[in-house]
Amino acid sequence: MDVFKIQGGTSLCGTVAVSGSKNAALPMMAAALLTDGKTILNNVPDLVDVRTLSSLLTSLGCEMTRHANGSLSLEVVDESHSEADYELVRKMRASVCVMGPLLARRGHARVSLPGGCNIGHRPIDIHLRGFAALGAQIDIHQGDIILQATQLRGADIDLAGPNGSTVTGTCNLLTAAVLAQGKSRLTSAAMEPEVVALADLLNEMGAKISGQGTPTLEVEGVAELSPTTQTVIPDRIEAATLMIASAMTRGKLTIQNVNPLHLSAVTTVLQEIGVSIHESGVSQLEIACERELSPVNITALPYPGIPTDIQAQLTALLCTLPGRSVIRDQVFPDRFMHCAELNRMNAKIRQQGDRALITGVAQLQGAHVMASDLRASAALVLAALAARDETVIHRIYHLDRGYEALETKLNLLGANVTRCREEDAQRRSPSERTNLRRSA
Ligand code: EPU
């Protein structure tokens, strides 16, 4: 297993381009199952999660080619299999996004029920309720969900859950409803840009969806869809992570390939903290820290609120600001595993229910820490960039699932991040030996 060794303390400066969005690319790739012919997606990030879904789609009869320019072409050549293997679903729960397209196009899907998750309870009851409303028969057998329908029928489906709407659930039901007979009305639908991107792709394929970006989606079912070419939107979570990296290291970054509209909640809160953010040119933001930053109280909410996927990174930032901050997560109320690791770096965070109570410290301190999920890993990287001395982050395979070439991008901005094997990281660096002597 690889680890990151990060020597903290340098301000990040320069220009960096954001990659295509992982969470937009995954359901768009699955939507290729709905058509005959070649679907081409541009700006697909080269990530472990994209490769995992590619393996799953290949096993479902889809031929995939990745081109040097970041495009992916997908073409279904065999529709005889509709079973998503446990080994692949276990690796990535977003694999469930094949359920809608398989059911709509092949009339059958067998997908392993996703298991536990480090970011909290993640049922898929709303997806299943929606498929049932569209007329699917649903059985659970030996840990697999089996969905069957000879012809889906349009229906009214409410997607509200205890913590808001469901992003992948909305994608799943959209991809099923587009080929259903008649009209569907999805209420309390997720408004995330990734859902809008999927709806736009489906409409390009010939679907009739309206209301994307609002809580009510109207879908007029069509008999068939045709393949098309579409570009994946920029990754707003990667962009926000880089914005916070700039703030945490008191650096100055130009971040390219962003959609500022998708980032408005993050921009507002960073500006409230005291970070200076300006749009410059097309799809470009300038981030700088020209004054003292102050603490803030934040709640992560469904879009257009502050994303839960940036909660951990904001927590890392708030740890370095003088005074008290509170951060709540209403989407995943248990998503706080990063806090104990940040505390190992001298942070002062107390978790209380769905919130973290943070007292800022003058300086974070490098340590050996363990990544527990993708965004928790990003929070540890940010903390390490701002910390004194060296931090070793274990289990960075989580990061490889969702950030394309992160260490390359950070190093080009002046960071000192080295990827090495776990065994090599066990040997203590000179700075760590000095720390140990100091604290002895
Ligand atoms: N929920 C239910 N029932 C359901 C589905 C969801 O109660 O049937 C609950 C969840 O437990 C959670 C809330 O609804 O409390 C929102 O979950 P959602 O279904 O929206 O999450 P998701 O679609 O599984 C996507 C992203 C996550 C991101 C969430 C929230 C993808 C592949 N994943 O997950 O991204 O945190 O939306 O915005 O799009 C990440 O990229 O690191 C990541 C975890």
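In case you missed it, the structure is sitting above this.
This section reports on the structure supplied with the text. All values reported here derive from a predicted model rather than from experimental measurement.

Considerations on empty space enclosed by the protein
In step 1: Per the stated rule, a full pass over the model turns up two cavities of 30 Å³ or more.
In step 2: When its volume is computed, the largest cavity comes out at roughly 40 Å³.
In step 3: Those elements that place two or more of their residues in the lining of the largest cavity are helix H8 (236-248), helix H12 (374-386) and helix H14 (406-412).
In step 4: Residue composition of the lining of the largest cavity, by class: seven nonpolar, one polar and no charged.
In step 5: Estimates place the volume of the second largest cavity at around 30 Å³.
In step 6: When grouped by side-chain class, the residues that make up the lining of the second largest cavity number three nonpolar, three polar and four charged.

A look at the site of the ligand
In step 1: Surveying the vicinity of the ligand reveals 24 residues, the closest of which are Thr 166, Thr 168, Asp 309, Val 331 and Arg 375.
In step 2: The contact in question runs from an oxygen atom of the ligand to an N or O atom on the side chain of Arg 122, over 2.9 Å.
In step 3: In the environment of the ligand, an oxygen atom lies 2.6 Å from a nitrogen or oxygen atom belonging to the backbone of Val 331.
In step 4: Here the ligand loses 90% of its free accessible area of 820 Å² to cover by the protein chains.
In step 5: With three residues, helix H5 (residues 125-133) is the single largest residue contributor to the shell around the ligand.

Some words on the pairing of strand E8 (residues 137-141)
In step 1: Note: E8 against strand E9 (residues 144-148), five bridges, orientation antiparallel. Across the sheet, the residue bridging to Ile 138 is Leu 147, located in E9.

Thoughts on the pattern of salt bridges
In step 1: The final tally for this structure, using the stated rule, is 18 salt bridges.
In step 2: The salt bridge partner of Glu 87 is Arg 90, with a shortest N-O separation of 2.6 Å. Here the residue Glu 87 and the residue Arg 90 both occupy positions in helix H3 (residues 86-91), the gap between them amounting to three residues, near one helical turn.
In step 3: For the salt bridge of Arg 421 with Glu 423, the shortest nitrogen-to-oxygen distance reads 3.9 Å.
In step 4: The network of salt bridges with shared partners includes Asp 2, Asp 400, Glu 407, Arg 419, Arg 421 and Glu 423.

A look at the state of the cysteines
In step 1: In the structure shown here, the tally under the stated rule is zero disulfides.
In step 2: Cys 289 provides the cysteine sulfur closest to Cys 13, a residue in no disulfide bond, and the two sulfurs are 11 Å apart.
In step 3: Overall, Cys 13 belongs to the partly exposed group, its relative accessible area being 43%.
In step 4: The cysteine Cys 171 is free of any disulfide, with Cys 97 supplying the nearest cysteine sulfur at 7.7 Å.
In step 5: Among the residues examined, Cys 171 registers a relative accessible area of 4% and is labelled buried.

Things to note about the sheet that holds strand E1 (residues 2-7)
In step 1: On the basis of which strands lie adjacent, the open sheet formed by four strands has the order E22-E23-E1-E24 and mixed pairing. With one partner strand each, in any of the chains shown, strand E22 (368-370) and strand E24 (417-421) form the two edges of the open sheet. Taken over all neighbouring pairs, the strand axes of this sheet differ in orientation by 25° on average, direction set aside.
In step 2: Alignment of E22 against strand E23 (residues 390-394), held across three bridges, turns out to be parallel. Across the sheet, His 368 pairs through a bridge with Val 392, a residue of E23.

What counts, and at which threshold
- Residues numbered from 1 in each chain as written.
- Predicted model: local features only at pLDDT ≥ 70, side-chain atom pairs only at ≥ 80, totals over all residues.
- Heavy atoms only, no water.
- 1 Å grid on protein atoms, 1.4 Å probe; cavity = no way out; pocket = protein on both sides within 12 Å on 5 of 7 lines; lining within 4 Å.
- Points joined across faces, edges and corners; volume = space filled by probe spheres on them.
- Helix = DSSP H or I, 4+ residues; strand = E, 2+ residues; numbered from the N terminus.
- Nonpolar A, V, L, I, M, F, W, Y, C, P; charged D, E, K, R; others polar.
- Near = heavy atom within 4 Å.
- Polar contact = N/O pair within 3.5 Å; in protein donor to acceptor, adjacent residues only side chain to side chain.
- Areas by Shrake-Rupley, 256 points an atom, 1.4 Å probe, with all protein chains shown as cover.
- Pairing = 2+ DSSP bridges.
- Salt bridge = Lys/Arg side-chain N within 4 Å of Asp/Glu carboxyl O.
- Disulfide = S-S within 2.5 Å.
- Buried < 20%, exposed > 50% of the residue type's maximum accessible area, 1.4 Å probe, protein only.
- Axes fitted to C-alpha atoms, helices over the stretch in contact; angles between N-to-C directions.

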